[in-house]
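Chain and residue survey
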Amino acid sequence: MSDADMRDADMRGANMRWAKHIIDLGQRSDGYQFYAQIKYGGIWILAGCRYMPIKDAAKHWRKTRSDTMLGNESQQFLKQARALVKIRGLL
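Below you will find a few notes about this structure. Small disclaimer: the values here were computed from a predicted structure and weren't measured.

Attention shifts here to the overall build of the chain. A count of helical and extended segments in the chain gives two helices and four strands. Out of the 91 residues in the chain, the part that is buried amounts to 31%. In the chain, of all internal contacts separated by at least 6 residues, the share reaching a separation of at least 24 is 38%. If you sum the accessible surface of the chain, you get close to 6,800 Å²; carbon and sulfur atoms cover 52% of it.

Moving on to the packing of aromatic side chains. The relation between two aromatic rings is expressed through the spacing of the ring centres and the mutual angle of the planes. Summed over all chains, the structure comprises four aromatic pairs. Seen in terms of ring centroids, Trp44 and Tyr51 are 5.1 Å apart; in terms of plane orientation they differ by 40°. Their pairing is tilted. Since its relative accessible area comes to 18%, Trp44 is described here as buried. Owing to a relative accessible area of 32%, Tyr51 belongs among the partly exposed residues under this scheme. Chaining the aromatic ring pairs together yields one cluster made of Phe34, Trp61 and Phe77. In this structure, Arg28 is placed above the aromatic ring of Tyr32, and the distance from its NZ or CZ to the ring centre is 5.1 Å.

Moving on, we come to the environment of Glu73. Examined against the element boundaries, Glu73 turns out to sit in helix H2 (residues 69-88). Separated by 44 residues in sequence, Glu73 and Ser29 place their C-alpha atoms 8.0 Å apart. Setting aside residues no more than four positions away along its own chain, Glu73 makes contact with Arg28 and Ser29. A distance of 3.0 Å separates the side chain of Glu73 from the side chain of Ser29, its partner in a polar contact.

Attention shifts here to the pairing of strand S1 (residues 22-27). Sheet topology places S1 next to strand S2 (residues 33-39); five bridges connect them, and they run antiparallel. Residue pairing for S2: Gly26 is matched across the bridge by Phe34.

Attention now moves to the packing of helix H1 (residues 54-65) against H2. Two elements in contact, H1 and H2, have axes separated by 9 Å at closest approach and are oriented at 165°. Our classification of the angle between H1 and H2 gives roughly antiparallel. Crossing angle aside, the handedness with which H1 passes H2 is left-handed. Along its contact with H1, which presents Ile54, Ala57, Ala58, Trp61, Arg62 and Arg65, the element H2 presents Leu70, Gly71, Ser74, Gln75, Leu78, Ala81 and Arg82. Grouping the constituent residues of the contact of H1 with H2 by class yields seven nonpolar, three polar and three charged.

Cut-offs and rules
Residues numbered from 1 in each chain as written. Predicted model: local features only at pLDDT ≥ 70, side-chain atom pairs only at ≥ 80, totals over all residues. Heavy atoms only, no water. Helix = DSSP H or I, 4+ residues; strand = E, 2+ residues; numbered from the N terminus. Buried < 20%, exposed > 50% of the residue type's maximum accessible area, 1.4 Å probe, protein only. Contact = heavy atoms within 4.5 Å. Areas by Shrake-Rupley, 256 points an atom, 1.4 Å probe, with all protein chains shown as cover. Phe/Tyr/Trp six-rings, centres within 6.5 Å; stacked < 30°, edge-to-face > 60°. Lys NZ or Arg CZ within 6 Å of the ring centre and 35° of its normal. Polar contact = N/O pair within 3.5 Å; in protein donor to acceptor, adjacent residues only side chain to side chain. Pairing = 2+ DSSP bridges. Axes fitted to C-alpha atoms, helices over the stretch in contact; angles between N-to-C directions. Parallel < 35°, antiparallel > 145°, perpendicular 65-115°, else oblique. Left-handed = near helix turned anticlockwise from the far one by under 90°. Nonpolar A, V, L, I, M, F, W, Y, C, P; charged D, E, K, R; others polar.

Rendered as structure tokens:
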């Protein structure tokens, strides 16, 4: 969204400290948006109705989407999450 008008938005009391711990990883070709979050000392992945630690996410998409475009996209997002967390020094 490039034309958001925030002139009348009341942000008093908004706590955005947690926002640096959420990473938008992108959208898979079927429309699922992927996010990474730092939680419980690790990386958690949110995609559609799935919310799980990154190791469980990798296992899930290997099991359910192995060697498919959606599976490959999912695994790429997980690689990206690990790399960005490291680059940003979040763990």
